[in-house]
Amino acid sequence: MSGNTADANVQYSRDKPNDCKFCYYWQGRKKGCLMGEQNCAYLIREEKPTERSRCDGCPYGRCSPCIGWCTVDVINAVFKNRLAARAYFGKGVHDG
C-alpha cells in the first residue's frame, strides 16, 4: 500500500506524493493509510453525468417544494392565450 497503484485506469491528482508514506493520511507501516487505497484522497473519480429534470433550475421551486403543476407551463399558456387574443382582436385584450 505504500506506493502508487500501477493500474492504467486509475488517475491521481498532480499534488499526490510520490510515496504514500509522505501523505497526510499515512499512519505508518503497521496501520497503513487511513483512507484506504480505494478511497485515496488524491484519486480522481469520473463523475457520471446526471439526467436533468424539467424542474432543474426552475425559479418557482427554489424556495419551496413543487406544488404539483409546472408554473412555467401555466405562465406560457397564459402568454400564448394573450398572443392569440391580440392576433384575433388586433390589439391587447385589456387595451381600451
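Refer to the structure printed above.
Values in this document were obtained by computation on a predicted structure and should not be read as measured data.

Thresholds applied
Residues numbered from 1 in each chain as written. Predicted model: local features only at pLDDT ≥ 70, side-chain atom pairs only at ≥ 80, totals over all residues. Heavy atoms only, no water. Helix = DSSP H or I, 4+ residues; strand = E, 2+ residues; numbered from the N terminus. Buried < 20%, exposed > 50% of the residue type's maximum accessible area, 1.4 Å probe, protein only. Phe/Tyr/Trp six-rings, centres within 6.5 Å; stacked < 30°, edge-to-face > 60°. Lys NZ or Arg CZ within 6 Å of the ring centre and 35° of its normal. Patch = residues over 30% accessible without salt bridge, like charges linked within 9 Å, V, L, I, M, F, W, Y side chains within 5 Å. Areas by Shrake-Rupley, 256 points an atom, 1.4 Å probe, with all protein chains shown as cover. Salt bridge = Lys/Arg side-chain N within 4 Å of Asp/Glu carboxyl O. Disulfide = S-S within 2.5 Å.

A few words now on the environment of tryptophan 26. Note on placement: tryptophan 26 falls in the segment before helix H1 (71-89). On the basis of relative accessible area, tryptophan 26 is assigned to the buried category, the value being 18%. A C-alpha to C-alpha distance of 9.4 Å links tryptophan 26 and glycine 36, two positions 10 residues apart in sequence.

All right, on to the packing of aromatic side chains then. Per the counting criterion, the structure on display carries 1 aromatic pair. Between tyrosine 24 and tyrosine 25, the ring centres sit 5.2 Å apart and the planes meet at 85°, which makes this aromatic pair edge-to-face. A relative accessible area of 27% means that tyrosine 25 is categorised as partly exposed. Over the aromatic face of tyrosine 12 sits the side chain of lysine 16, whose NZ or CZ is 5.0 Å from the ring centroid.

Below, the discussion takes up a nonpolar patch on the surface. Among the surface-exposed residues, Ile67, Trp69, Val74 and Val78 lie close enough to one another that they form a single nonpolar patch of about 390 Å² accessible area. Along the polypeptide, isoleucine 67 turns up in the segment before H1.

With the rule as written, the count across this model stands at 0 disulfides. Between cysteine 40, a cysteine without a disulfide, and cysteine 23, which holds the nearest cysteine sulfur, the sulfur-to-sulfur distance is 6.1 Å. The exposure class of cysteine 40 is buried, given its relative accessible area of 11%.

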